[in-house]
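The chain contents come next:
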Amino acid sequence: MSRYRGPKLKISRRLGDLPGLTRKNSKKVAPAGEHGQQSRKASEYSLRLEEKQKLRFNYGLSEKQLLKYIKIAKKVTGSTGLILLQILEMRLDNIIFRLGLSPTIPAARQLVNHGHILINNKKVSVCSYQCKPGDNIKIQNKNTSQNLVKSYLNFPTLASIPNHLELDNKKLIAKVNAIVEREWVALEMNELLVVEYYSRK
């Protein structure tokens, strides 16, 4: 899967705070680029594009993946924007990040890819796995896995664990209790603009 490997602070300066992308903060205030200092009125298209890019970079998705999730969300009854966010929030890599078991979503993806994560006592190495209410998430009983996750837990990125998740810090066992609610989504954005962006495609 193609993923962004470039400078992360440059993206966060342009798009704002992206908790899933990086935990670093830039000292520079202006947006990245030689035209960052210039103030210009943003067009409707650029506003929609910016919101779409926030989703892509925060959750570490390719354009093709995001388009696929949009199509799935449109088929489900309800608010397309909210359903899209719920699909993205229930991805395994994001759940690991929201539990505080990794500092960023790319770090969570590495944990999953390297086989450190068990779901319902079965090893899962697919980052896009859709977690469901009732799923039990466990860290492998290996010293390397346990020590790595414990080191991450000592320096949490987010202030609190959302109410649809629960975590036993000592046993390193977590449970998904429900589908995430809109107010618990950590990313500040307008999901309706993303839906509008793709409706014109």
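In the block above lies the structure referred to throughout.
Residues numbered from 1 in each chain as written. Predicted model: local features only at pLDDT ≥ 70, side-chain atom pairs only at ≥ 80, totals over all residues. Heavy atoms only, no water.

**A look at helix α7 (residues 143–153)**
Put simply, the test is: We call a residue buried when its accessible area falls under 20% of the maximum for its residue type, exposed when it is over 50%, and partly exposed in between, using a 1.4 Å probe and counting protein chains only. Secondary structure is summarised from DSSP: a helix means a run of H or I of at least four residues, a strand means a run of E of at least two, and numbering begins at the N terminus for each. It is the directions from the helix axis to the C-beta atoms whose arc is reported. Whether two residues are in contact is decided by their heavy atoms: any pair within 4.5 Å suffices.
Listing the buried residues of α7 in full gives Ser145, Gln146 and Val149. Down the axis of α7, the buried side of the element spans an arc of 95°, and every buried residue falls inside it. When the buried face of α7 is taken as reference, the exposed residues oriented beyond 90 degrees from it are Asn143 and Thr144. As for α7, its buried residues are in contact with α6 (105–113) and β3 (136–139).

**Focus: the pattern of salt bridges**
Test applied: Any carboxyl oxygen of Asp or Glu within 4 Å of a side-chain nitrogen of Lys or Arg constitutes a salt bridge here.
A complete count under the given rule lists nine salt bridges for this structure. The partner of Asp93 in a salt bridge is Arg91, and the shortest N-O contact between them spans 3.0 Å. As far as burial versus exposure is concerned, Asp93 and Arg91 are alike and both buried. Connected via shared salt-bridge partners are Glu44, Arg48 and Glu196.

**Regarding the sheet that holds strand β2 (residues 122–123)**
Under the convention used in this document: For two strands to count as paired, DSSP must find a minimum of two bridges between them.
A sheet is described by the order of its strands in space; here five strands give the open sequence β2-β1-β3-β5-β4, paired in antiparallel fashion. Two strands in the sheet have a free side with no partner beyond their single neighbour: β2 and β4 (165–168). With four bridges joining them, β4 and strand β5 (residues 173–176) adopt antiparallel strand pairing. Opposite Leu165, over in β5, you have Val176 as the bridge partner.

**Structural notes on the pairing of β4**
What you see with β4 is a clean split: Leu165 and Leu167 sit on the buried side and Glu166 and Asp168 on the side with no burial. Hairpin remark: β4 followed by β5, antiparallel, with four residues in the connecting loop; positive phi at Leu172, about 55°.

**Quick word on unusual backbone geometry**
With a phi angle near 65°, Asn121 is a residue other than glycine that sits in the positive phi range. In this structure Asn121 comes out as exposed when scored by relative accessible area, which is 63%. Located in the positive-phi region is Leu172, a residue other than glycine, with phi close to 55°. When you line up the elements, Leu172 lands in the loop between β4 and β5.

**Focus: the packing of aromatic side chains**
Short version of the rule: Whether two aromatic rings pair depends on their centres lying within 6.5 Å, for rings of Phe, Tyr and Trp, where Trp uses its six-membered ring; planes under 30 degrees apart make the pair stacked, over 60 edge-to-face, and the rest tilted. By the criterion adopted, a ring carries a charge over it if an Arg CZ or a Lys NZ lies within 6 Å of its centre and within 35 degrees of its normal.
All chains considered together, the criterion is met by two aromatic pairs. Ring geometry for Tyr197 and Tyr198: centres 5.1 Å apart, planes at 85°, overall edge-to-face. For Tyr198, a relative accessible area of 5% gives the class buried. One aromatic cluster in this structure is built from Tyr45, Tyr197 and Tyr198. Above the ring of Phe57, the side-chain terminus of Arg56 is found at 5.4 Å from the ring centroid. A cation over a ring is seen here: Lys68 above Tyr69, with NZ or CZ 5.4 Å from the ring centre.

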